[in-house]
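Analysis of the macromolecular model
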Amino acid sequence: MTSLCVKSLQKWLFLYLMYFMFLFSPQDWTHELCGWGALTPKSIQVFNTPRWVLFFLCVASFLQGMIINGFINTVITSIERRFDLRSYQAGLIASSYDIAACVCLAFVSYFGGTGHKPRWLGWGVLIMALGSLMFALPHFTTPPYQVSLPEQTGMCSANRTSPCQNKEAGGLSSYRFVFMLGQFLHGMGATPLYTLGVTYLDENVNSNYAPVYIGIFYTAAIVGPAAGYLLGGYFLNMYTEIYLTPEMTPENPHWVGAWWIGFLAGGAAALLIAFPILGYPRQLPGSQEYVAMRVSEAHQLKDGSHTTASDPQFGKSVKDMPRSVLLLLKNPTFLFLCLAGATEATLIAGMSTFGPKFLESQFSLSASEAATWFGYMVVPAGGGGTFLGGYIVKKLNLRCRGIIRFCMMCAMVSLLAIFIFVIHCPNVPMAGVTVPYQSGLKTKQQLDLYKNLNDSPKLYNPVCGADGVMYYSPCHAGCTSINHTQLSTGKQVYSGCSCVVGNVSWGEEGFALAGKCGSSCHHMPAFLSLLFIIISFTFLCSIPALTATLRCVPDSQRSFGLGIQWIVVRTLGGIPGPIAFGSVIDLSCLMWQDKCGEQGSCYLYHNSAMSQYTLVAGILYKVLGTIFFLLASILYQPPPESPQSSCENTDHSMEHVSDLPVKDLPEDGFIVNLHARL
């Protein structure tokens, strides 16, 4: 009996010793601790959970969306004005982000996919922060921005110097290279976020919860641009030289707002959020259990070459990259999902760039009003659609083919709603462009007006006459003086305007109000309602499409597959999207800016033509997207061991499994992170 007790005690001592050896083994336990190198305080292990990873990645994606897709689109016009840039130069600045991303995506997704993902993510956020600070740098290295009083008022003045006389003196246009460098750093830094960040979340949570986590992650990326539009509009109402008191208002076309504040604040916030991300381990505690429970839904190639990706050593050498690319190119489901994503990205990129301009032209809104309305639309429609898409996949337990069919249905709904672009608003009458100048002027008034127009540099500063007609500037309306300033709006009222006739609203002839004339069109509520549906259903299929992409490729190719998909999406959608929509919209231009004899940006669009061209482009890309989703669903071949029902779970787990992720361990030991709750 004593011998039996001694043997039993020895056995338990041995197991107890093995447990502690395993617990403190550097290769099995410490590599799952949260910290920086040897610094792994016990107090911060409470953050070593999927929820906290999601939180920090959401903050990073929010900042990326706010800076690149929000601030950039909001301030690009102000940067053009401040640094004497042409439209195509501003386009190069915007495209530098996508160019950098395309250059880095294959490298980052391939080597980062088999490396330490949090470190790649953290360093990426640091580089993105550096890009934001670089983007704001020109404000501090250029002389103060000042505008002379005649240019502010737009009055006719014969002794005013032409801005073309000093065209080559300033040299501020060279700062476009600094902006391009900042955007290039933005693109490099954001590359790991939507490839390695997505796969890191997918690997460390139950596959049923993965669409929800990824949906929340992308929702933050959608809310970010909306915040950028709203904050950017707020900053643009502040004068760029914040220590000066300007004599003009934000409605003046020569006004330059404080475009740089958002980039300073965003860069500083990105610096702070990078350090927690750098502290996360290669794998979260309990992640191996989820990997073991997951059932592969990868597309099965007819020649069986997809089994190559199951080799544990595959993908760890640069020599395997060509074979990895070949495997993805032989996967028709993956290819058509990439093409569908490219068509959706074209619409998203085009509408995010020119959506505010469309609202501004159709409904005679100011630039800040149009940006604000567009921001209000993106928050509930884009953010809500993104989150709801991930939730629906989780709630219905959709498998790969069912997810693709769901995406196809979303594309069809948004295709029907896009016919709202049939509706358009008539142009506000503009003297000399859409309506002729009135013929009641006396001969002396005509001679004085033509003389003033020839002597002035034709600076665009629209005014609305008392007759309801819009004029290019106070000078073009024949105005001779400023009568007063409206207290309610801060707008200037001009008098002595010889071209303005009628006694319509102000009780006296010859008056004009600074700014564009308001539109009498009442289609705005209906248009915004259907635009809300288009945005909602476009983003509703974004997370399901991403989930289908992750499931139709082997596990070892998920990061690289996302990288290749982003290259296709940016090359065929993100980069040409704004160019295609911009070219289509430019076809409807009625009046171009004359920049010292060269064509600049468009001042006035033909609303009917703009709506028709936008409708044709929208229908084309939505039809293509629907077809690509249909082909991806038809050509998908699931593994033979995979459950065939499109509504079954993807895990070999019980219906109600404990929410404490437990790592696969030897039979005589276990490790549980009590904070790692889903």
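The structure we're discussing is the one just above.
Presented here is a report on the structure given in the accompanying data block. None of these values were measured; they are calculated from a predicted model.

Analysis parameters
Residues numbered from 1 in each chain as written. Predicted model: local features only at pLDDT ≥ 70, side-chain atom pairs only at ≥ 80, totals over all residues. Heavy atoms only, no water. Core = buried A, V, L, I, M, F, W, Y, C linked by side-chain atoms within 4.5 Å. Buried < 20%, exposed > 50% of the residue type's maximum accessible area, 1.4 Å probe, protein only. Helix = DSSP H or I, 4+ residues; strand = E, 2+ residues; numbered from the N terminus. Contact = heavy atoms within 4.5 Å. Salt bridge = Lys/Arg side-chain N within 4 Å of Asp/Glu carboxyl O. Disulfide = S-S within 2.5 Å.

Below, the discussion takes up the nonpolar core. One finds Phe217, Trp259 and Phe263 to be the most contacted residues of the largest nonpolar core, which totals 71 residues. Mapped onto this core, the elements with two or more residues apiece are α2 (50–82), α3 (87–113), α4 (117–141), α6 (176–190), α7 (196–203), α8 (210–236), α9 (261–278) and α17 (542–551). For this core, the element with the most residues is α2, which contributes 14 residues. Excluding anything up to four places from it in sequence, Phe217 contacts Leu54, Leu57, Cys58, Ser61, Leu193, Tyr194, Val198 and Leu201. Counting 38 residues, the second largest nonpolar core, distinct from the first, contains Ile222, Cys425, Cys521 and Cys589.

Quick look at the pattern of salt bridges now. Scanning the entire structure with this criterion turns up four salt bridges. Notably, a salt bridge pairs Lys117 with Glu203, separated by 3.3 Å at the nearest N-O pair. Taken together, the residues Lys117 in helix α4 and Glu203 in helix α7 connect sequence positions 86 residues apart. Under the relative-accessibility criterion, Glu203 is labelled partly exposed at 24%. Residue Glu344 is joined to Lys622 by a salt bridge in which the shortest nitrogen-to-oxygen separation is 3.0 Å. Taken as a pair, Glu344 in helix α12 (residues 332–362) and Lys622 in helix α20 (residues 607–635) lie far apart in primary sequence, 278 residues in all. A residue is classified by how much of its surface remains accessible, and Glu344, at 7% relative accessible area, is buried. The exposure class of Lys622 is buried, given its relative accessible area of 1%.

Inspection of the secondary structure puts Ser361 in helix α12. Classification of Ser361 as buried rests on a relative accessible area of 17%.

By definition, a disulfide links the sulfur atoms of two cysteines through a covalent bond. Applying the stated criterion across every chain yields a total of three disulfides. At a sulfur-sulfur separation of 2.0 Å, the disulfide partner of Cys425 is Cys521. Classification of the bridge connecting Cys425 and Cys521 rests on its S-S torsion, roughly -60 degrees, and on that basis the disulfide is left-handed. Taken together, the positions of Cys425 in the loop between α14 (400–417) and α15 (443–455) and Cys521 in the loop between β5 (512–514) and α16 (524–540) put the pair 96 residues apart, joining distant regions of the chain. By the burial criterion, Cys425 is buried, and Cys521 matches it. Paired through a disulfide, Cys464 and Cys517 show a sulfur-sulfur distance of 2.1 Å. Between Cys464 and Cys517 the disulfide shows an S-S torsion of about 105 degrees. By sign, it is right-handed. Taken together, the residues span a long stretch of sequence, with Cys464 in strand β1 (residues 463–465) and Cys517 in the loop between β5 and α16 at a distance of 53 residues. No disulfide involves Cys104; its sulfur sits 9.6 Å from that of Cys102, the nearest cysteine.

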